[in-house]
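# Summary of structural features
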Amino acid sequence: MDFKIEKKLKNSLGRAGVLKTAHGEIHTPAFVPVGTKATIKALTTEQVLELGAEVILANTYHLYLQPGDEIVRDAGGLHKFMNWNGPIITDSGGFQVFSLGAAYGKEISKVTKITDPSLLIPERFDDSDAPRLAKIGQDGVSFKSHLDGSVHYITPEKSIEIQHNLGADIIFAFDECTSPTEDLRYQEEALERTHRWAERSLAEHEKLKNSKKQLSHDSHSVLNMTDRALDAKVEESSFSNSSKNFSSALFGIVQGGRDENLRKKSAHFMSKLDFDGFGIGGSFAKEDMSTAVKWVNKILPEEKPRHLLGIGEPEDLFMGIENGVDLFDCVAPTRNARNGSLYTKGGKINITNTKYRNDFSKIEEACECYTCKSYTRAYLAHLFHGKEMLAGTLATIHNLYFIVSLVKKIRRSIIDENFFEFKKEFLSEYSQ
RNA sequence: GCGUCGGUGGUAGAGUGGUCAAUUACAACAGACUGUAAAUCUGUCGCCUCCGGGCUACGAAGGUUCGAAUCCUUCCCGACGCA
């Protein structure tokens, strides 16, 4: 993996660059559509490619449970299995520690609002009796499968092993995504754990990389190749699409919740480790997400890429990019689409609302996506009311196109040196 | 014509003397969704409301009863059976 910064945003941390992976280039900043179970829900990979996405993200935990990482490995890796030849990122399962743990059965979002009553809990209350599918131990996390109830203990080593079997271009260290409702003491304890897990993830990654290299050398040496030729062969294969031997890049994840000291501590800690890039994870309050990102990105080494995990509403994308984020992934555009919430320049609209039933205009008149080129709001409304499968597909194409294109436009504005004008113009219309 | 069964809110369909403005599902209406337990979830869903309650309602009209969607009478409508 190779990352080059092409242009920096003046008076801020923002930058535009190119991230080279074994499966192609990612022009950063970039939005990464989420395909948890090795599919961007409702779309074919051709549709994902056509709407302009360069890279996608899949999930370790889900693919480990179903169909099983060994099946994916035996299929020739994730790229081949799901027919996506571009770059792939896999999340480590760290988010499921939160979503199936502290957030299980509750209405807690990783992005909360300061006014959210869940934040008013003065001290951490003991809710260990509450049913949850993820239970945290010092060594790893015990998951009770949401599919069949079977129990699986995931350690950092196991997460990395699974991710190596899946074979994504960028993989993440196993972390603990904490709930925004946790108090400082717990955040600190969890951070210590995440840091230990980061070191162990890194060690396991190195170990697996080396054993693969060894395997590769061994097989080549049978052919009596010179060392020089061997090295060239290994080098070549690591950038070849069909190769099983290319090595994934490993990103460490900064945690620390909403606390400045913890976030900075985590950023310092991660910076010292030999990661290829970094994820910024955990929970935020909407109102102060920007400061958290800023604290972290001021510390992280400039020359390595940063991925703001799970963030992706338009205003957040501007915020993140301005503060030095290179990659974003988020389920919002795809999930919102399937639930009838569509992005427009003037804000999100709920296409199932009565007023759209006879609205024969496009979702967005100027939009260049497949959906807008061919269909009206009334048709989309009809598909949603009729519960037709095509509703989800057409809506997802539009929403992903909207968000992917927005980030591309923001990238362009950095290169053209009019980021702040573009931001102001876009947000003034969007937040109306 | 006689007999039997049945007519409940937008629909289907519970309820069969008080706890019924009426279970439930669907439809409708609105909202939520940020590293996907998610094509999901939540709320509203007779009218009015100073949110205490008030009013009109279970085919129609009468009646019994302290009290009726529920019991009785007549009528109207539907299905089936017999002429």
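Residues numbered from 1 in each chain as written. Chains lettered and ligands numbered in written order. Predicted model: local features only at pLDDT ≥ 70, side-chain atom pairs only at ≥ 80, totals over all residues.

This paragraph deals with the pairing of strand E1 (residues 2-8). Examined bridge by bridge, E1 and strand E2 (residues 15-21) share six bridges and lie antiparallel to one another. Within E2, the position partnered with Asp-2 by the bridge is Lys-20. In textbook terms, the turn of a hairpin is the stretch between consecutive antiparallel strands, and for E1 and E2 this stretch comprises six residues, one of which, Asn-11, has a positive phi near 60 degrees. (Pairing = 2+ DSSP bridges. Helix = DSSP H or I, 4+ residues; strand = E, 2+ residues; numbered from the N terminus.)

We now examine the domain arrangement of chain A. For chain A, the assigned domains are domain 1 (2-330) and domain 2 (331-432). Between domain 1 and domain 2, the contact holds 28 residues from the first and 27 residues from the second. Within the residue set of the side of domain 1 that touches domain 2, elements represented by two or more residues are E1, strand E4 (30-33), helix H1 (45-50) and helix H11 (314-322). At five residues, the largest contribution of residues to the side of domain 1 that touches domain 2 is made by H11. (Domains from an automatic or database assignment. Contact = placed C-beta atoms within 7 Å.)

Below, the discussion takes up the sheet that holds strand E8 (residues 134-136). Read across the open sheet, the three strands follow the order E8-E9-E10; overall the sheet is antiparallel. Strands with a single pairing partner mark the edges of an open sheet, and in this sheet they are E8 and strand E10 (151-154). The average undirected angle you get between the axes of adjacent strands in this sheet is 20 degrees. Sheet analysis places E8 next to strand E9 (residues 141-144), joined by three bridges and oriented antiparallel. Note on E9: the bridge partner recorded for Ala-134 is Phe-143. Against the sheet, helix H5 (residues 94-102) contacts E8 and E9, and its axis sits at roughly 110 degrees relative to E8. (Axes fitted to C-alpha atoms, helices over the stretch in contact; angles between N-to-C directions.)

Another aspect to go through is the nonpolar core. If you look at the biggest cluster of nonpolar residues, it comprises 93 residues, and the most contacted ones within it are Val-32, Ile-56, Phe-251, Phe-328 and Leu-380. Split by domain, this core shows at least three residues from each of two domains, domain 1 (2-330) and domain 2 (331-432). Val-97, Val-141, Phe-143 and Ile-154 belong to the second largest nonpolar core, which has eleven residues in total. (Core = buried A, V, L, I, M, F, W, Y, C linked by C-beta atoms within 7 Å. Buried ≥ 20, exposed ≤ 12 C-beta atoms within 10 Å, placed from the backbone.)

Near RNA strand B lie 50 residues; those nearest to it are Ser-109, Cys-177, Gly-310, Thr-334 and Ser-341. Those elements giving two or more residues to the surface near RNA strand B turn out to be strand E5 (56-59), H5, strand E16 (327-330), helix H12 (332-338) and helix H15 (389-415). Among the elements that line the surface near RNA strand B, the one with the most residues is H5, at six residues. Its residues placed into classes, the surface near RNA strand B shows 16 nonpolar, 24 polar and ten charged. (Near = placed C-beta within 6 Å. Nonpolar A, V, L, I, M, F, W, Y, C, P; charged D, E, K, R; others polar.)

Now for the packing of helix H14 (residues 377-385) against H15. Between two packed helices, the angle of one axis relative to the other and the distance separating the axes together describe the packing. H15 packs onto H14 with a crossing angle of 135 degrees between their chain directions and a minimal axis gap of 7 Å. Judged by the angle between their axes, H14 and H15 are oblique. Handedness of the H14/H15 crossing: left-handed. Of the residues in H15, those in contact with Leu-380, Leu-383 and Phe-384 of H14 are Leu-390, Ala-391, Leu-394 and Ala-395. Of the residues belonging to the contact of H14 with H15, the class tally is seven nonpolar, no polar and no charged. (Parallel < 35°, antiparallel > 145°, perpendicular 65-115°, else oblique. Left-handed = near helix turned anticlockwise from the far one by under 90°.)

All of the buried residues along H14 are Arg-377, Leu-380, Ala-381, Leu-383 and Phe-384. All buried residues of H14 project into a common sector of 160 degrees when viewed along the axis, lining one side. Against H15 lie the buried residues of H14. Downstream of H14 by one or two residues, Lys-387 has phi in the positive range, about 55 degrees. (Arc of directions from axis to C-beta.)

Further remarks concern unusual backbone geometry. In this model, Thr-28 is joined to Pro-29 through a cis peptide bond whose omega is 0 degrees. The topology assignment puts Pro-29 in the loop between strand E3 (24-28) and E4. Across the junction of Gln-66 and Pro-67, the peptide omega takes the value 10 degrees, indicating a cis bond. Positioned with a positive phi, Asn-11 is a non-glycine residue whose angle comes to about 60 degrees. With respect to the element layout, Asn-11 can be found in the loop between E1 and E2. On the basis of neighbour counts, which here come to 8 C-beta atoms within 10 Å, the residue Asn-11 falls in the exposed class.

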